[in-house]
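Here is how the chains run, residue by residue.
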Amino acid sequence: MFSPWILSLQLILFPLFWRGIYTTETNPPLALTVPVTTVFKSAVLKGDSLVEKVEILKPIDLELACTWTGNPNKLPNITGYWRKDGSEITNSRLTVQLENEQYNLKRVFRITGDTLGNYSCIFSDTEEAKIDFNVAAPEMDDKKDKPIVAYVGDSVAMACKTKLPPNTWLWYRANGTEQELINATTDPLRYKISVDGNTTKLTVMNLTEEDSGVYVCSAIYNIKASVSRVEVRVITFMEPLKPFIAIVAEVIILVLLILLYERWSSQRSSHSPTGNNIHTALHTALCSTSGCGELTTRTEACQRTASFSCFARLVRHFGRRSRVTCKSNQEEAILAKQAAVYTALQ
């Protein structure tokens, strides 16, 4: 038999025990929220315009503060407002009071990957003065405008660098409008990727002409990816020689044309009746007064060159010698013939 007080205790505890077993009530889970960092950025404007660059790594609340000290009018109050990428932000206009010889304008913006851009604070007096805040993800330091040239069978190395280390680096190869991810692990004989903090390098080995194209390195940040493009041209060893070969071919063709023209001119002169008549008349006129031995030798030399200037020099040479030695009327007649031949050659 149970004592009365034990029975009373059981009657009290039984409903509590029953409720604890079959209860369906649960506590709501705790909401885990990631706090958003607030970053403060200020700028002082002394003239009419100023540009400030703000690099963002992750989503933040960005408080922008503008101070204008260069207003010559010093009005007690002016209008201030904000623009985003050139468009005025709605309900951002307010009256800015002159305090300590300067105007101050502040505003907080929630910056995410979709809200990056150019933020401007505008001070409106008789003319506008503004400060531009270029809010963007970190950019690449070494963008290349010229392509990298390499030869078939060689290797080429491409590097990208940023001021701030990203979460990770990725390399792509551009294929038209699409990008193909490069995985060095699956193809180690072709690609090698190394990362050292804020620098990455891609090495492409055993190059072929199909490896020519645009390669893209991407620095992944929480806010947005920053990219840089590198163009690679793979050529054969004959490619640099093509201009030289073209020049040599042009020179050879030009020399052949000159030789053919000289041969054609020589044959034309030797078969010309006028040329033969001049040669015969010259030889007859000069041989009678100057002796045929020397004259024949020099005339044959002129015939081989088929040059009228050569014959002209020959006439002048033997003509001067004939004027010294001629005494008779017959010799004067010969000299007259020589003069006629010389005149015909001019």
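Looking up the protein chain in an unreviewed UniProt entry gives the name Ig-like domain-containing protein, with the organism given as Oncorhynchus tshawytscha.

### Thoughts on the overall build of the protein chain
Helix and strand content of the protein chain: six helices and 17 strands. If you take every contact in the protein chain between residues at least 6 apart in sequence, the share linking residues at least 24 apart comes to 60%. Of the roughly 22900 Å² of accessible surface on the protein chain, a fraction of 57% belongs to carbon and sulfur atoms.

### Details of the pattern of salt bridges
Counted under the stated rule, the structure contains eight salt bridges. Among the ionic pairs, R110 bridges to D61, the shortest N-O distance being 2.3 Å. With a gap of 49 residues between them, R110 in strand β7 (residues 103–111) and D61 in strand β3 (residues 60–68) connect regions that are remote in the sequence. Here R110 falls in the partly exposed class, since its relative accessible area comes to 49%.

### Some words on the confidence of the model for the protein chain
When the pLDDT values of the protein chain are averaged, the result is 77; 64% of them are 70 or greater. Considering only residues more than four positions removed or in separate chains, one finds that residues 16–33, a stretch of pLDDT under 50, has one contact. Within the model, pLDDT remains below 50 along residues 322–328, and this stretch shows nine contacts once partners closer than five positions in the same chain are excluded.

### A closer look at the packing of aromatic side chains
For the structure on display, the rule yields four aromatic pairs. Relative to Y103, the ring of W68 has its centre 5.9 Å away and its plane inclined at 35°; by these criteria the two rings are tilted. Here the residue W68 occupies a position in strand β3, and Y103 occupies one in strand β7, the gap between them amounting to 35 residues. Take W68 and Y103: they sit in the same class, and that class is buried. Connected via pairs of aromatic rings, a cluster forms that spans W68, Y103 and F123.

### Description of the sheet that holds strand β1 (residues 38–45)
Across the sheet, three strands lie side by side as β1-β3-β7; this open sheet has mixed pairing. Two strands bound the open sheet, and with one partner strand each, they are β1 and β7. Across the sheet, the mean angle separating the axes of adjacent strands is 15° when strand polarity is ignored. Bridge count for β1 against β3 is eight bridges, and the pairing is parallel. Looking at the pairing, V39 lines up with L62 of β3.

Calculation criteria
- Residues numbered from 1 in each chain as written.
- Predicted model: local features only at pLDDT ≥ 70, side-chain atom pairs only at ≥ 80, totals over all residues.
- Heavy atoms only, no water.
- Helix = DSSP H or I, 4+ residues; strand = E, 2+ residues; numbered from the N terminus.
- Contact = heavy atoms within 4.5 Å.
- Areas by Shrake-Rupley, 256 points an atom, 1.4 Å probe, with all protein chains shown as cover.
- Salt bridge = Lys/Arg side-chain N within 4 Å of Asp/Glu carboxyl O.
- Buried < 20%, exposed > 50% of the residue type's maximum accessible area, 1.4 Å probe, protein only.
- pLDDT = per-residue confidence, 0-100.
- Phe/Tyr/Trp six-rings, centres within 6.5 Å; stacked < 30°, edge-to-face > 60°.
- Pairing = 2+ DSSP bridges.
- Axes fitted to C-alpha atoms, helices over the stretch in contact; angles between N-to-C directions.

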